[in-house]
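Structure at a glance
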Amino acid sequence: MSDRHTYTTAAANLNVYVQGQGFPILALHGHPGSGRSLSVFTNHLSKRYQTFAPDLRGYGKSRYHGNFEMNDHLNDLEALLDRFHIQKCLLLGWSLGGILAMELALRLPKRVTGLILVATAAKPRGSHPPITWQDNLYTGVAALLNYIKPSWQWNIETFGKRSLFRHLIQQHTFISYSYIATEAVPAYLQTSSAATRALYSAIQAGYDRLSDLPQIQCPSLMLAGVQDRHITVDSSLETAGHLNNCQWQCYPNTAHLFPWEVPHLVLNDIDHWLEEHPQVIRRQ
C-alpha cells in the first residue's frame with residue numbers, strides 16, 4: 001500500500017453496520033474479521049456517536065469474486081465515506097484495520113480527525129511459534145465446541161488452553177470465549193481466500209510505513225497487549241513513537257484479542273482519551 005491512489009479495480013459497495021447518532025466513527029476490522037466483530041467497540045461508542053463498521057472487501061457479507069490488492073480496501077473505504085456523505089470522521093482500527101486506518105489518514109488527512117489504533121503497527125512483526133498438527137486439531141475442536149456451547153469451562157481447560165487460542169488470548173475467561181464463539185468463528189468462516197492472499201502478499205512484500213507516519217498530524221491512541229504474538233507489542237510501540245501526538249496504553253497479561261479479554265479497561269481508556277481530545281469528535 002502507498003499514499004498514492006492506485007486504482008486496480010472499481011470500488012466495491014461494502015456491507016456496513018451503522019449504529020447510533022452523532023459524530024461519525026469508522027471502525028475497521030482485522031483479519032479474519034467482519035464489521036460485526038467490532039461490536040465490543042461499536043455497541044459502546046454508538047451510545048454517543050454514529051459508528052460505521054463495514055465488512056471489508058472479501059470479508060463478511062462484502063463478497064468479492066477474484067483477486068484484489070490491499071490498496072483496493074482504501075478505494076472501497078473512500079467510496080464508503082462519499083456514499084454516506086462523511087466529510088470528517090474518527091478512525092478506529094484493529095490489527096489490519098489499524099493499518100488501513102493509518103493508510104486512510106495518509107491518503108485523506110483533511111477527512112480524518114483522529115486515530116484509535118488497536119493491536120496494530122505500521123511495520124508489523126510477529127513472534128508466533130511454529131504451528132503443529134496438534135495445534136490445529138485442538139483449535140478446531142475447541143472452536144466447534146465453543147460455538148455449540150460458548151464458554152464451557154471443560155472445553156476451555158481441555159482444548160482451549162492447548163489450542164492456538166493460547167496465542168490470541170491470555171485470559172481464558174467466560175467473556176473472552178463468548179466473543180470468540182459469537183464473533184470470531186463466524187468471521188473466520190466468512191473470510192475469503194482472496195482476502196487472505198491480498199494480506200499475505202502485502203506482508204511478504206515487506207510492508208513498512210514508519211517513515212511516512214510523521215505526515216499524520218491528527219491525535220492518535222495506540223493500544224496493545226503485552227503478550228501479542230501476531231503483532232508484537234514492540235512493533236506497536238515503535239509505530240506509536242513515529243506518530244505525532246500519540247498516547248500509548250499497554251495491557252498486561254493480554255494478547256492480540258485483548259479487547260475481548262479486558263473490554264471494560266479498553267473502553268474506559270478510549271472514553272478518557274476522547275474526553276482529553278475533544279477536537280477528534282468535532283465537525284469543524
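This is a predicted model, so every value here is computed, not measured.

Let us look at the packing of helix α4 (residues 133-148) against helix α7 (residues 174-189). Viewed as axis vectors pointing N to C, α4 and α7 meet at an angle of 105°, and their least axial separation amounts to 9 Å. With respect to each other, α4 and α7 are oriented roughly perpendicular. Here A143, N146 and Y147 of α4 lie close against α7, whose contacting residues are Y177, I180, A181, V185 and P186. Residues of the contact of α4 with α7, tallied by class, amount to 7 nonpolar, 1 polar and no charged.

Our next topic: a nonpolar patch on the surface. On the surface, L144, Y147 and I148 cluster together into a nonpolar patch covering about 350 Å² of accessible area. With respect to the secondary-structure elements, L144 resides in helix α4.

As a further point, take the pattern of salt bridges. Scanning all chains against the criterion turns up 9 salt bridges. We note a salt bridge from E103 to R209, for which the minimum N-O separation is 2.9 Å. Of this pair, E103 sits in helix α3 (residues 96-107) while R209 is found in the loop between α8 (193-204) and β6 (220-225), placing the two residues 106 residues apart along the sequence. In this structure R209 comes out as buried when scored by relative accessible area, which is 6%. It is possible to trace a salt-bridge network through shared partners that takes in E103, R209 and D212.

Moving on to the side chain of H167. Tracing the backbone shows H167 in helix α6 (residues 165-168). Classification of H167 as buried rests on a relative accessible area of 9%.

By size, the foremost hydrophobic cluster in this structure holds 41 residues, and its most contacted members are L26, L77, L91, L100, L104, L115 and I216. Broken down by secondary-structure element, the contributors of at least two residues to this core are β2 (24-28), α2 (70-83), β4 (89-94), α3, β5 (112-118) and α8. Residue contributions to this core peak at 7 residues, all from α3. Counting residues in hydrophobic clusters, the runner-up holds 38 residues, among them I25, L38, W94 and W260.

A word on the pairing of strand β7 (residues 246-251). Where β6 lies against β7, 6 bridges are found, and the strand directions are parallel. Bridged to L223 within β7 is Q249. Taken together, β6, helix α9 (residues 233-242) and β7 form a β-α-β motif whose crossover is right-handed.

Among the residues of α9, V233, S235, S236, T239 and A240 are the ones counted as buried. Seen end-on, α9 carries its buried residues on one side only, within an arc spanning 165°. Away from its buried face by more than 90 degrees, α9 exposes D234 and G241. On its buried face, α9 sits against α3, β6 and β7.

A few words on the sheet that holds β4. In space, the 7 strands of this open sheet follow the order β1-β3-β2-β4-β5-β6-β7, with mixed pairing throughout. Each edge of the open sheet carries a strand with a single partner, namely β1 (16-19) and β7. Taken pair by pair, the neighbouring strands of this sheet meet at an average axis angle of 15°, ignoring direction. In the sheet, β2 pairs with strand β3 (residues 50-54) via 3 bridges, with the strands oriented parallel.

Analysis parameters
Along each chain, the written sequence defines residue order, and numbers are assigned to residues from 1. Selection of residues for local features in this predicted model requires a pLDDT of at least 70, selection of side-chain atom pairs for listing and counting requires 80 or more, and totals for whole chains, interfaces and linings are taken over all residues. By convention in this description, side-chain values take in all heavy atoms of the structure and omit both hydrogens and water. Angular values range over 0 to 180 degrees, each being the angle between N-to-C directions of two axes fitted as lines to C-alpha atoms, with helices fitted over their stretch in contact. Secondary structure follows DSSP: runs of H or I at least 4 residues long count as helices, runs of E at least 2 residues long count as strands, and numbering of each begins at the N terminus. Note on terminology: angles under 35 degrees are roughly parallel, angles over 145 are roughly antiparallel, angles of 65 to 115 are roughly perpendicular, and the others are oblique. Pairs of residues are marked as contacts when any of their non-hydrogen atoms sit within 4.5 Å. Lys, Arg, Asp and Glu make up the charged group, whereas Ala, Val, Leu, Ile, Met, Phe, Trp, Tyr, Cys and Pro make up the nonpolar group; the residues left over, Gly among them, are polar. For patch detection, residues must exceed 30% relative accessible area and be free of salt bridges, and they are connected within 9 Å for like charges or within 5 Å for nonpolar side chains (Val, Leu, Ile, Met, Phe, Trp, Tyr). Only the protein chains shown count as cover for residues, with accessible areas throughout obtained via the Shrake-Rupley method and a probe of 1.4 Å. For this analysis, a salt bridge means a side-chain nitrogen from Lys or Arg found within 4 Å of a carboxyl oxygen belonging to Asp or Glu. Classification of residues uses two cut-offs on accessible area relative to the type maximum, computed with a 1.4 Å probe and protein chains only: under 20% is buried, over 50% is exposed, and between them is partly exposed. For this analysis, a nonpolar core means a set of buried residues of the types Ala, Val, Leu, Ile, Met, Phe, Trp, Tyr and Cys, connected via side-chain atoms within 4.5 Å. Any two strands with at least two DSSP bridges between them are considered paired. Seen with its strands pointing away from the viewer, a crossover is right-handed if its path from the first strand over the helix to the second goes clockwise. Picture the helix axis, draw a direction to every C-beta atom, and the arc is the one those directions span.

From the geometry alone we can't say anything about function, so treat these as descriptive.
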